[in-house]
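The lines below spell out each chain.
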Amino acid sequence: MRKVVENISGYILLIIFGYIIISFLHLTWYIASPDGFFGFLYFTELLRTLVFALVFLFLLIVIFTWFLSGLKSFFKKKSSMKDIFKLICTLVFMASILLFNYFSTGGISLYFAKILSDKYEDIKETEELIDSGEYKKAFEIAESKYYNIKNRSRISNFFFLTQLYSKTKFDQRVNLVKQYSATINYGFCLLEYFNSQNEAEKVFKEAINIANNKLIDSQKDNLLLFPLLSLGELKLREGDYFKADDIFSELTNVLATCSKQDLTYLINSQLLFADRLLRVGDYRRFQAVCSNILNLYIEKGGNQKSKTYASLLMTASLSNLLIDNFDSAGRLLVKATSIAERNEGHPIYINYLYAKAHYCFLAWQKGGGNEELLDKSIFDRIMGKKIDEREDYLNEAIQVYDSLLGIIEDKYGINSISYVSILMQIADFNLKIDEVEKAREIYKESLTLIKNSSNYNKEIYFDVLLKNILFKKDKNQHHEEIISSLRGIEKNLNHKLINNFLFLNQGEKELFVTKVEKDLNLINSIYVDLKDSSANELLYNNLLAMRQIALRSEQNFKSFVKTLEGGLLKEYQELKLKRRALEWSSGVFDSDSLNIILEKERKLIKKITSMDNFRSVNPRQITWENIRDRLNMDELAIETFTIKKGIENNENEIDYYALVINNKSTSPELVYLFNENILNEYIDQANNKDGINAVFGKNKHKINKIIFDSLKQYMANYDKYYFSPTGILNKVPYSAILDSANMGSTFSIVSSTNNIRYKKKRDYNMKAALFGGVNYNLTSKNVTNNIAGLQEQENIVSNINRSSSFSKLKYTLDEVVKIKELFDKSEYKEPFLYTGNSATESVMRVIPNQDVNVLHIATHGYYYHSSFLVGSSIVNKIGANMDVYDNPLMRCGLLLAGANHDKSYDKNNDGILTGQEITYLDFSNIDLLVLSACETGLGELKGQEGVFGLQRAFKRAGVKSMIISLWKVPDEQTSQLMVAFYKHYLKGNSANESLQKAQNEIKINYPDPVYWAGFQVID
């Protein structure tokens, strides 16, 4: 019986021992989590290490037991000190041998195996596979690891050692980091190589949640960087710039708190900001930021043979191409060539090929480029053969695009978004080189592929869809389908506008509108082709939505801000002045200063726009029916617009159309007007006194016929016309070419027929401020500037004419004095009169604080085209980073007291009030502005936003209606015209009626249009 018990006990001990061994092995396996060969190697080394640890622990216990036994014997005097010393020395020697064995073999081997295991984990392993072209395998591994870790089963109670270990905070931290690593790796693959944006967003948000776990709080900042960068890029791709900039702000804060800023993340965070500028359309700032990033990388000692360096070179090259710095773009691309060619299996090579193809195409257009980018034969290089033919660059572009398409097909497959994206680029390229039919077939193929793709990219899909509709030959046979598709595209564009508009500053809004407008112009051209009443309605609604949308948005926000109370209003004003000062000081991106301002501005905008009573501008809120319902029986509305002729044939001519409605219209009437080249032949001749008289005098009937011949059938029997001009129609003096006897009593020019909704009754409680007889020779010492708190600005355009002297306009004093006399004799309040030394900028700046709703300015005005500045001394005076070339509001202005003075002691009172300075003033109380000056109606034509010059500046400042001039007007006759205008205006006539009557009076003595026709009212 005893033997049986002993056997059973032995078996039990054996089972217990086996169970412990199994539990021990399971714990080891759990800790190692081996993946791949080197992962298994790490497991074996870890197992050996743990076995050593157990043996070493056992030896320590034995040593300690023996030591206690020796001490016990010693105190009982059963052993000598010599025996104890021998025992201790022996045990220490044995322990030393074991430790040496571990560190000489197991420890070093374990460390090496761990390095190898880490190298092939997650993103590192993915990048290795991608570099070798194994995209599918990289994704499969990433996906498998992500779901394996995410769905890791609960540890069975059977493995008590593993279960106990898993409950330790140490193991929980390790698992969180592993889960984070697998998550960002999977998200990386989804976003970069499979364009699964919705799924990628969910995955990166998971990674952020993991990083925010309190157990790994010490690593939080470093772990947040990658998913934040990825989410920011994802939001930019979706066109959600507001959220992207929020992420950029958070990323900036995280980078600032990191103990050691990683150069890669620092560079990528700046690239995220640059990407937003690119997508908004701010190309000059994009170029400045990209150059700064490249310089930062070099200054920080970045590896100039790395893929990162090549990528930064290509980005900088692209940024230079966008602002036409062609030589710089070529040099940068050449620097990237050797690195890209050494990495043919990497995505950077694909990006290089695209950049090279684009550059070669532009070189073909320009007639030459950097020859080092041409793939010349060895013989040609040895012989130094000169490349002169444009076709060499074109052929190079074609070959590169063919190679690019083949590589994308091999790596991603034809159903991938990447393949479709390259196809679209090739189609656009073929269109530009007049291969229209080939482009049409590629567009068609792209649509088929994207419909079959498992991944959905909204922006690319709508781009493909729009191009296919545009190039469809039988549009009328698919009318309903086309209308439905176009409305979906319009909805997407409207969503982008609403989501992003308020967040952007005014300059960015204007640039963003230009980008959106390109797509809407294509849509409008399709509606024109359909020649259908429903298409006309949608077309009119598009025009109403986009016409001056950036201006309307700014005015809406400014109006709301004025209703604020307390510190919020002051904070907004101060912040705007600081930001403008920073933008003025340099065109180069100052990451520290600008980021601080952007962050404050962002928080302030959120605070303001989150108020319950704030209402943003909805571009689609107004329809053509709303305009129709505001018209009276005797009124007609004419909305003009342009269409690029023969887009599908790659032609560049522009056709003008009009949409006409009255108060009984069931749908707008579409009317073709003329081709721009026909009218331009005349407009170009009107560049001096004789030309103006010839074009708008002798040939006025020809101009009238060009513009109005096809409209006359619609314009009969009406007394009032609301005419919204676009393009070169803004350069036409309608009072000269229209016969008032035949065309009705009034012809009102409106920025948009949308303005008809805001018909206002005349304000008979009128108060005016009159400026005239300006002393341009006033010195700054004689000027008292009592305006406090205004931000100093460097006045660029003021330098243009410092070397010359502005002549005195002697009739302007007589003009304003006589106008004042008319006011004094009327029922209206006595006007403010500012002449001579008092007609200063300081006084102009306090006009918003006075009870004034009519502002009259009789002085010199100017507008300079950017080409005027090329090669002039102004370039050296203002510095290369100023935005005088790009910002037309910097190239227009009004001259006030002291404009001739060579040195200004006060930048806010230097005598030249630029358009840009005007935008910072508040003229929202001004119902009528009369600019009795030269060229106040001139400026750059910017699509649906209109003319960018003084009229734009004053509109941004809040002026409701204004009288502007189209050319250099004569002093004496202008004075007479203005006095006649007020004579009729103060009798209760509208500004438009008053100006027409005044012009009819003046032309009796001065029949030539140069004397009176240059002025017109803009509502």
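Procedures and definitions
Residues numbered from 1 in each chain as written. Predicted model: local features only at pLDDT ≥ 70, side-chain atom pairs only at ≥ 80, totals over all residues. Heavy atoms only, no water. Buried < 20%, exposed > 50% of the residue type's maximum accessible area, 1.4 Å probe, protein only. Helix = DSSP H or I, 4+ residues; strand = E, 2+ residues; numbered from the N terminus. Pairing = 2+ DSSP bridges. 1 Å grid on protein atoms, 1.4 Å probe; cavity = no way out; pocket = protein on both sides within 12 Å on 5 of 7 lines; lining within 4 Å. Points joined across faces, edges and corners; volume = space filled by probe spheres on them. Contact = heavy atoms within 4.5 Å. Salt bridge = Lys/Arg side-chain N within 4 Å of Asp/Glu carboxyl O. Phe/Tyr/Trp six-rings, centres within 6.5 Å; stacked < 30°, edge-to-face > 60°.

Labelled according to an unreviewed UniProt entry, the protein appears under the name CHAT domain-containing protein, originating from Galbibacter orientalis DSM 19592.

(A) Up close: the pairing of strand β1 (residues 635–644). In terms of residue burial, β1 counts as a mostly covered element, since 8 of its 10 residues are buried. Pairing between β1 and strand β4 (residues 720–724): 5 bridges, direction parallel. Its bridge partner lying in β4, Ile 638 is registered against Phe 723. Both β1 and strand β2 (residues 654–661) contribute to a ladder of 8 bridges, which runs antiparallel. Its bridge partner lying in β2, Lys 644 is registered against Ile 654.

(B) A look at empty space enclosed by the protein. Inspection of the entire model under this criterion finds 4 cavities of 30 Å³ or more. If you add up the space inside the second largest cavity, you get close to 50 Å³. Surrounding the second largest cavity, Glu 490, Leu 493, Asn 494, Leu 497, Val 516, Leu 520, Ala 545, Met 546, Pro 619 and Arg 620 form its lining. Elements with a minimum of two residues in the lining of the second largest cavity: α21 (479–500), α22 (506–530) and α23 (533–546). Top element by residues in the lining of the second largest cavity is α21. It accounts for 4 residues.

(C) Quick look at the environment of Thr 746. By the element assignment, Thr 746 lies in strand β5 (residues 746–749). For Thr 746 and Glu 993, which are 247 residues apart along the polypeptide, the C-alpha to C-alpha distance reads 6.2 Å. Here Thr 746 is in contact with Asp 719, Lys 720, Tyr 721, Asn 992, Glu 993 and Gln 996, once residues within four sequence places are set aside.

(D) Region of the structure containing the pattern of salt bridges. Across all of its chains, the model carries 26 salt bridges by this definition. The closest approach of N and O atoms between Asp 629 and Arg 628, which form a salt bridge, is 3.1 Å. On the accessibility criterion, Asp 629 (54% relative accessible area) is exposed. Given a relative accessible area of 19%, Arg 628 falls into the buried group. Among the salt bridges present, the one from Glu 917 reaches Arg 845, with a minimum N-O distance of 3.3 Å. One end of the pair, Glu 917, is in helix α37 (residues 915–918); the other, Arg 845, is in helix α35 (residues 841–846), with 72 residues separating them in the sequence. An identical accessibility class is assigned to Glu 917 and Arg 845; each is buried. Because the salt bridges share partners, they merge into one network encompassing Glu 510, Glu 554, Lys 558, Glu 945, Arg 952 and Arg 956.

(E) Seen up close, the packing of aromatic side chains. Applying the stated criterion across every chain yields a total of 35 aromatic pairs. A centroid spacing of 6.1 Å and a plane angle of 20 degrees characterise the contact between Tyr 297 and Tyr 309, whose relative ring orientation is stacked. One end of the pair, Tyr 297, is in helix α12 (residues 283–299); the other, Tyr 309, is in helix α13 (residues 307–322), with 12 residues separating them in the sequence. You'll find Tyr 297 and Tyr 309 in the same group, each marked buried.

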